[in-house]
Amino acid sequence: MEWVIFGILSLWLILSVLGVLFLKNPVHVVLSFLSVVLATAGIFLHLGAELLAGLQLIIYAVAIVVFYVLVVTTIPWEKVKRFEGIYLREFLLAVPFFLLLVVALSYLAWSGSFATKGFPLSGDNVRDVGKVLFTSYLFPFELASVILLIAMVGAILLGRKED
Amino acid sequence: MTIEKAYMLISIFLFLSGLLGVIIRKNLITLLVSTELMLNGVNLGFVAMDRMVGGVEGQVFSLFVLAVAASEVAVGLGLVVSIFRLKGYEGSSEITHLRD
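As the structure is a prediction and not an experimental result, all values here were calculated from the model.

1. Things to note about the interface of chain B and chain A
At the interface, 67 residues of chain B touch 81 residues of chain A. Roughly 7200 Å² is buried in total at the junction of chain B and chain A, and carbon and sulfur atoms are behind 77% of that figure. Interface area lost by chain B to chain A is led by Tyr7(B), Arg25(B) and Lys26(B), which between them contribute 10%. Across the contact surface, chain B and chain A share one salt bridge. With a shortest N-O distance of 3.1 Å, Glu2(A) and Arg51(B) are connected by a salt bridge.

Following this line, the structure appears as structure tokens:
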């Protein structure tokens, strides 16, 4: 049963990734990316990370994808028809390296031995993540808020009209 | 072959597809979407390893990756819009000057 869920989710994910790589229209690319995000949220649920699946839905599928769609609507696409699709020569040059890297890293992950089970968890994913996040990683959490603030200020400065 | 190892293979594929997309895509917005693919692949690897090892630190790091992804998309799309408005460029091969 676990492998059936794995097969469905990974097939969905791989098809959406191919859509992101090879579709021409940027709106279709953003929609394929939304499909990638939904498949990844399903995989997180399958792996038992419920908090991260919810945050993936809220942050990626709502905030980031809507931001992309807003930017796509502000740019007049009839002027930039020249820049659709992929560079063919770079694609042909990059595909052997891509396949080589996939095979090499997959061989490493396939044949290597990983660490075994550590301490037992309480079974409540949200409680575990929150406890670790607000005790051991409190300072990086605060730093993340500062990074978001600085990014907001930078985006406002970049997006204003020059007078 | 456990299910976590299989998800590690999917995560490797997702990250390298993002890298391939950054190399081959023409449009700047689709190039940014490819970087998001790379970040998603790293998140997936973190969560898979987390279930294998038995902890929640990987999920905490994935949270930080989400925060960085949100700020990256804000700044990156602001840059794309201002490049298009000032220069009229929309392809990655047109941007060849650091200054005007």
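2. Describing the nonpolar core
Formed by 55 residues in total, the largest nonpolar core has its most connected members in Leu13(A), Phe33(A), Tyr68(A), Tyr7(B) and Ile29(B). Secondary-structure elements contributing two or more residues to this core are α1 (2-22), α2 (26-46), α3 (50-74) and α5 (125-135) of chain A together with α1 (3-24), α2 (28-53) and α3 (57-87) of chain B. Broken down by element, the residue count for this core peaks at ten residues, all from α3(B). Each of domain 1 (1-78) and domain 2 (124-162) of chain A accounts for three or more of the residues forming this core. Once you skip the residues sitting within four places of it in the chain, Phe33(A) turns out to touch Val20(A), Tyr60(A), Val65(A), Val33(B), Glu36(B), Leu37(B) and Asn40(B).

3. Observations concerning the pattern of salt bridges
This structure, assessed with the given rule, holds four salt bridges over all chains. A salt bridge links Arg51(B) to Glu4(B); the shortest N-O distance between them is 3.0 Å. Of this pair, Arg51(B) sits in helix α2 while Glu4(B) is found in helix α1, placing the two residues 47 residues apart along the sequence. Each of Glu2(A), Glu4(B) and Arg51(B) takes part in one network of salt bridges that share partners.

4. Quick word on the UniProt feature "transmembrane region" (unreviewed entry) in chain A
Residues and elements named next belong to chain A. Within this numbering scheme, the UniProt entry marks residues 6-23, 30-49, 55-75, 87-110 and 137-158 as carrying the feature "transmembrane region" (unreviewed entry). Within the segment residues 55-75, helix and strand shares are 95% and 0% respectively, and the terminal C-alpha atoms sit 29 Å apart. Between the C-alpha atoms that bound residues 87-110 the distance is 32 Å, and the span itself is 96% helix and 0% strand.

Parameters at a glance
Throughout, a residue's number is its position along its own chain's written sequence, starting from 1. Chains carry letters from A onward and ligands carry numbers from 1 onward, assigned in written order. With pLDDT at 70 or above as the cut-off, local features in this predicted model cover only qualifying residues; side-chain atom pairs require 80 or more to be listed or tallied, and sums for whole chains, interfaces and linings still use all residues. Derived side-chain values reflect all non-hydrogen atoms in the structure, with water molecules and hydrogen atoms excluded from consideration. For this analysis, residues touch if any pair of their heavy atoms sits within 4.5 Å. The term buried area denotes the loss of accessible surface (1.4 Å probe radius) that occurs when two parts are joined, taken as the sum for both partners. A carboxyl oxygen of Asp or Glu within 4 Å of a side-chain nitrogen of Lys or Arg is what we treat as a salt bridge. Definition used in this section: a nonpolar core is a set of buried Ala, Val, Leu, Ile, Met, Phe, Trp, Tyr and Cys residues joined via side-chain atoms within 4.5 Å. Each residue is assigned to one of three classes by its accessible area relative to the maximum for its type, calculated with a 1.4 Å probe on protein chains only: buried under 20%, partly exposed between the two thresholds, exposed over 50%. In this description a helix means any DSSP run of H or I spanning at least four residues, a strand means any run of E spanning at least two, and both kinds are numbered starting from the N terminus. Domain extents, as shown, originate in an automatic or database domain assignment. UniProt positions are given in the numbering used here, feature names are shortened, and annotations may be inferred rather than shown by experiment.

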